[in-house]
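Chains, contacts and geometry: an overview
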Amino acid sequence: MASSIIEASQKHPRPGDRTFAYGTAGVSPYRNLLDSVVFRVGLLAALRSQKLNGKTIGVMITASHNVPEDNGVKLVDPMGEMLEASWEAHATSLANAQNDHELIARYEHLISSLKINASTPAHVILAKDTRESGPALVTALTDALTSVGAKYDDYGILTTPQLHYLVRCLNTQHPPHSEPYGVPTEEGYYKKIGGAYAKLLQGKPRPGPITVDCANGVGAPKLRALAEYIGKDTGILDVKIVNDLVDQPSKLNYQCGADFVKTQQRPPPASQASPLARCASLDGDADRLVYYFSDSDGTFRLLDGDKIATLVASFITDLVKSAGISDLKVGVVQTAYANGSSTAYITKTLGLPVICTPTGVKHLHHAATKFDCGVYFEANGHGTVVFSHAAHTTIASHSPESPAQASALENLCALINLINEAVGDALSDLLLVEVILVHKGWGPKEWDSTYTDLPNRLVRVEVKDRTAFKTTDAERKLVEPVGVQEKVDSLVGKYKQGRAFARASGTEDAVRVYSEAAERGEAEELARLVADVVV
Ligand code: 16G
């Protein structure tokens, strides 16, 4: 084994003395430096599969919303969730081995310390987004898998959530799972969520046209395919796709996409919708979604992850009640970036509990599993709903006592099929929002008027050493550098409805400062002053 790994590894040498880290969302983003990392992550994927008795592990090659020249890699665990946190350090360890000799030593150390039976057959599935560097990185990955004798299936170009879906499907085909998550094909994915969408809209008015900006990424062909499965002639998904230039890789995420819209607070130039028309943006690998519209006076209005979370949580709460189910706990998970008004709306108006976690999907997902119906969204549009085992069995076995309850129950069952529980999924979330707006009889304006965001500001601060910034309380308070939090607190105290925090970015070499206050000018001033304290 060692000799075949070394032979393959020589084709993917480690560049210089660069240090890599498997972080919040895998290893990303890096430019032209990822070949050896992907090779080594491939070795780990096979080990992970062997450790879990041959369960299927996913490897996704993508750098999400980042610039086209970057790329990244992340592992998907058997139920379609992010790699178990304790294994991130193993990925980092392999990625940073200085030479092949050290790589083998670390690889063998993992086998013995994790008590892995190296003769267990490993199975890995992989996919990539539309970036130009994708195919070469797939070669690095498959070279690694071949060198250790792992069986693999390459699914070509997929959205990140589609790969998560496939992993979960493949691992739930057999007992102890009572039911597979879905048919483990791309077509199975479209049929599952498209079918649930059609069911939820049966007998309802058509949603009308929506403009979707696909960030010039993989979301464009996949949304088109989904729309075809749903059927153009049904008229229930009348989607106008903009920014679909996947054959021009340099256009990926350029002046478009969910991250652009959220950070710039403006529509992508290509999205020319009329006032009050629904628009949405996906990111480069289609795991984030934001909505927006322009008001009658032309003002841009963003409906971000917080607005999606509140919409979804209120709909699920109503549906559970209407079905006559009383013992399911619905809750919402947010991060420190959630607008204070959204948190107040969830707790006071919807009467639901909120948990705040550190940034990064794995933290939100984990916290959401504490509820029966756990709705989680980051403000940037990344999120989904997870249903507990108890929720699944309660809903499946519930006997409705009236036609109204029966219809709500049917909708609830379809809703579970529509939602990609494995991970935040922009395509599934898009259909979910469309369904809810139709059921509520709302346009974007009615949705937007549920609560008003507090003015806020997010700034990126270049610092000498971002690792000096350590936080607590779900990243809302700094414990290091010592004394900085006291200064932030005293600034915040001067502003009506003021709130601010600073945290080290997990993906860039910078610290992010977020602020909120009752007035726009005050929120901006507060952000500036906190940034001055941090730098
Ligand atoms: C990653 C995370 C995203 C988070 C962002 C924060 C995943 C799949 N993605 O993109 O959820 O919002 O990092 O970036 O977990 P930051 O640490 O640079 O602010």
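Residues numbered from 1 in each chain as written. Predicted model: local features only at pLDDT ≥ 70, side-chain atom pairs only at ≥ 80, totals over all residues. Heavy atoms only, no water.

A short note on the domain arrangement of the protein chain
The criterion, for reference: Domain limits in this description derive from either an automatic procedure or a database domain assignment. Here, two residues are considered to be in contact whenever any of their heavy atoms come within 4.5 Å of each other. We count a salt bridge whenever a side-chain nitrogen from Lys or Arg sits within 4 Å of a carboxyl oxygen from Asp or Glu.
Domain boundaries assigned for the protein chain yield domain 1 (2–157), domain 2 (187–302), domain 3 (305–429 + 443–448) and domain 4 (456–534). Contact with domain 1, which involves seven residues of that partner, is made by five residues of domain 3. On inspection of domain 1 and its partner domain 3, the count reaches one salt bridge. Of the charged contacts, one joins Lys362 and Glu88 as a salt bridge, the two residues approaching to 2.6 Å between their closest N and O atoms.

Things to note about the nonpolar core
The test is simple: Buried residues of nine kinds, namely Ala, Val, Leu, Ile, Met, Phe, Trp, Tyr and Cys, make up a nonpolar core once their side-chain atoms join them within 4.5 Å. Relative accessibility thresholds used throughout: buried, under 20% of the residue-type maximum; exposed, over 50%; partly exposed, between the two (1.4 Å probe, protein chains only). We count a stretch as a helix when DSSP gives it H or I for four or more residues in a row; a strand needs E for two or more, and each element gets its number in order from the N terminus.
Core analysis: the biggest nonpolar cluster contains 81 residues, and Tyr197, Leu223, Tyr291, Ile316 and Leu418 have the highest contact counts within it. For this core, the leading source of residues is helix H15 (residues 426–440), giving ten residues. Beyond its immediate stretch of four places on either side in the chain, Leu418 contacts Ile193, Ala196, Tyr197, Leu200, Ser428, Leu431, Leu432 and Val435. Val37, Val73, Ala97 and Val138 belong to the second-largest nonpolar core, a separate cluster that totals 44 residues.

Description of the site of the ligand
We apply this condition: Definition of nearness: a residue and a molecule or strand are near each other if at least one heavy atom of the residue lies within 4 Å of the molecule or strand. We call two N or O atoms a polar contact when they sit within 3.5 Å, provided that within protein one can donate a hydrogen and the other can accept it, with sequence-adjacent residues counted only if both atoms are side-chain atoms. Per-residue and other accessible areas follow the Shrake-Rupley method at a 1.4 Å probe size, with only the shown protein chains counted as cover for residues. Nonpolar residues are Ala, Val, Leu, Ile, Met, Phe, Trp, Tyr, Cys and Pro. Charged residues are Asp, Glu, Lys and Arg, and all others, Gly as well, are polar.
The environment of the ligand is made up of 17 residues, and the closest members are Glu378, Ser505, Gly506, Thr507 and Arg512. At 2.5 Å from an oxygen atom of the ligand is found a side-chain nitrogen or oxygen belonging to Ser505. Thr507 places a side-chain nitrogen or oxygen 2.4 Å from an oxygen atom of the ligand. Starting from 460 Å² of accessible surface for the ligand in isolation, the protein chains cover 92%. Looking at side-chain class alone, the shell around the ligand contains three nonpolar, nine polar and five charged residues.

Observations regarding helix H10 (residues 305–322)
Condition: Here a helix's expected span is defined as the number of its residues, less one, multiplied by 1.5 Å.
Look at H10: 25 Å from first C-alpha to last across 18 residues, which is about the 26 Å you get at 1.5 Å a residue. Positioned one or two residues after H10, Gly324 has a phi angle of 85 degrees, which is positive.

Observations concerning the sheet that holds strand E10 (residues 300–303)
Condition: Pairing between strands is defined by DSSP: at least two bridges between them are needed. Axis angles are defined between N-to-C directions and span 0 to 180 degrees, where every axis is a line fitted to C-alpha atoms and, for a helix, only to the segment in contact.
Pairing is mixed in the open sheet, where five strands are placed in the order E7-E6-E8-E9-E10. Edge strands, defined here as strands with exactly one partner in the open sheet, are strand E7 (239–242) and E10. Here the strands of the sheet are splayed against their neighbours by 25 degrees on average, with no regard to which way each runs. Both strand E6 (residues 210–213) and E7 contribute to a ladder of four bridges, which runs parallel.

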